[in-house]
Amino acid sequence: MDNETVRRLRLHATGLTGPRWDAPAAVVAWFGAVQSQDFAPAIWSLGHRVGGVGEDALLRACDDGALLRTHVLRPTWHFVTPADIRWLLALTAPRVHASSAYYYRQNELDEATRGRAADVLAAALAGGQQRTRTELREALTAAGIPCDGLRLGLLLMSAELEGVICSGARRGKQHTYALLDERVPPAPALSREEALATLTRRYFRSHGPATTADFRWWSSLTAADVKEGLALVGDDLVSGEVDGLTFWWAPEVEDATALPSPTAHLLQAYDEYLVAYRDSQHVADPGGRARATVQERPVFNAALLVDGRAAGRWKRTLTRRALTLEVALLDPLDAAETEALHAAADAYAAFLGRTASVRTWVV
């Protein structure tokens, strides 16, 4: 196996050879959790993988509670499904709390204060109320809990991690919070061993080939947890070495048919194909050229892939009817690659209900 093979298998595992699913919740369930701190681009990450739906359908799924957005795995937002949210929190919230301990201390948010804030938030949301961040700030302030600086965000995150609150329906363009127990139907609890095995299996089937260090980064689990998880599901996976690294993946991905070459993908900066790896980030970006480019041009933080390999960076401008893409290329594209880029732009524009235009140059 070589890096080109890893890229081909990952494109299939992460759903970029699709569309393979007919509903956004099915995409999220496949991964277990999908990073979503930048909401609108994260919606495109799901839409990229679902056939025949536009942005409005994805937004309705969030408003209806078919998709939830909460802090889990790492100290950032992820999309999760109602069926998975409780066992994911039980397994990973302690690790997220641990990684946030410094910020809790810096902002004088001990466990008692965070617990009191969670009670205030629960009271403010009881009875099916869904409230905005501003409204919850007012409730906390009225209860004598200061919310200056980072404190509000940390208090809301802590309450999410404790399974008290989760995302509600949007109110206009504002996001709201709801009580998790009112938003999410009861689900059977998983034992810690069952949860660890489930998360391990889902990661390697949806991101593999990947290394155990990649999984540890993505999940925030300890090295001992990762070793245990792999022992629980190792018979379901296969492994191989590339450049001295051991990769693991689900064997069914080997049956994936390679995409026609060239195929272009316009990925948001935090797409799972890009952010779910630590040990093997270089596979999609040999030599780190794309990472260097985004440091030089921070506004161009989304990624253009050609055949699974970083080929440039892009940003979008939206008007009522049009999508304009500005693409900073690492190298000139040939005619076939240019056609693939325009096809990817047309697909993205169709998702947004607009028409596309593309402007490129070489950095």
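In what follows, the accompanying structure is described. Bear in mind that the values here come from a model prediction, so they are computed numbers and not experimental data. (Residues numbered from 1 in each chain as written. Predicted model: local features only at pLDDT ≥ 70, side-chain atom pairs only at ≥ 80, totals over all residues. Heavy atoms only, no water.)

## Things to note about the packing of aromatic side chains
The final tally for this structure, using the stated rule, is 11 aromatic pairs. With a centroid separation of 5.3 Å and an interplanar angle of 85°, the aromatic rings of tyrosine 102 and tyrosine 103 are classed as edge-to-face. Here a set of aromatic residues connected by ring pairs shows up, and it is made of Trp44, Trp314, Tyr348 and Phe351. Positioned above the aromatic ring of tryptophan 217 is the side chain of arginine 74, whose terminal nitrogen or guanidinium carbon lies 5.0 Å from the ring centre. Taking the ring centre of tryptophan 217 as reference, the NZ or CZ of arginine 278 above it sits at 4.2 Å. (Phe/Tyr/Trp six-rings, centres within 6.5 Å; stacked < 30°, edge-to-face > 60°. Lys NZ or Arg CZ within 6 Å of the ring centre and 35° of its normal.)

## Here we look at the sheet that holds strand β12 (residues 322-329)
Pairing within the open sheet is mixed, and its five strands lie in the order β9-β10-β11-β12-β13. Where the open sheet ends on each side, the last strands, each with one partner, are β9 (264-267) and β13 (355-362). The mean angle between the axes of side-by-side strands here comes to 25°, regardless of whether they run parallel or antiparallel. In this sheet, strand β10 (residues 302-306) lies alongside β9 in antiparallel orientation, the contact comprising four bridges. When the sheet's bridge partners are listed, histidine 265 is paired in β10 with leucine 305. (Pairing = 2+ DSSP bridges. Helix = DSSP H or I, 4+ residues; strand = E, 2+ residues; numbered from the N terminus. Axes fitted to C-alpha atoms, helices over the stretch in contact; angles between N-to-C directions.)

## Description of the nonpolar core
Counting 55 residues, the largest nonpolar core has Ile85, Leu140, Leu199, Tyr203, Phe204 and Phe215 as its most contacted members. Those residues in contact with leucine 199 that lie beyond four places of it in its chain are Leu73, Trp87, Leu88, Leu91, Thr92, Phe215, Trp218, Ser219 and Leu221. Residues Ala42, Leu304, Trp314 and Phe351 belong to the second largest nonpolar core, which totals 38 residues. (Core = buried A, V, L, I, M, F, W, Y, C linked by side-chain atoms within 4.5 Å. Buried < 20%, exposed > 50% of the residue type's maximum accessible area, 1.4 Å probe, protein only. Contact = heavy atoms within 4.5 Å.)

## A few points about the environment of leucine 266
In this structure, leucine 266 sits in strand β9. Counting along the chain gives 122 residues from leucine 266 to glycine 144, while the straight-line C-alpha distance between them is 46 Å. Those residues in contact with leucine 266 that sit more than four places away from it in its chain are Trp44, His48, Ala303, Leu304, Trp314, Leu325, Leu341, Ala344 and Ala345.

## Let's talk about helix α1 (residues 3-13)
Residues spaced three or four apart along an α-helix point in a common direction, a consequence of the helix completing one turn every 3.6 residues. Within α1, eight of the 11 residues are buried, leaving the element largely enclosed by the surrounding structure. Count one or two residues on from α1 and you reach glycine 15, which has phi positive near 85°.

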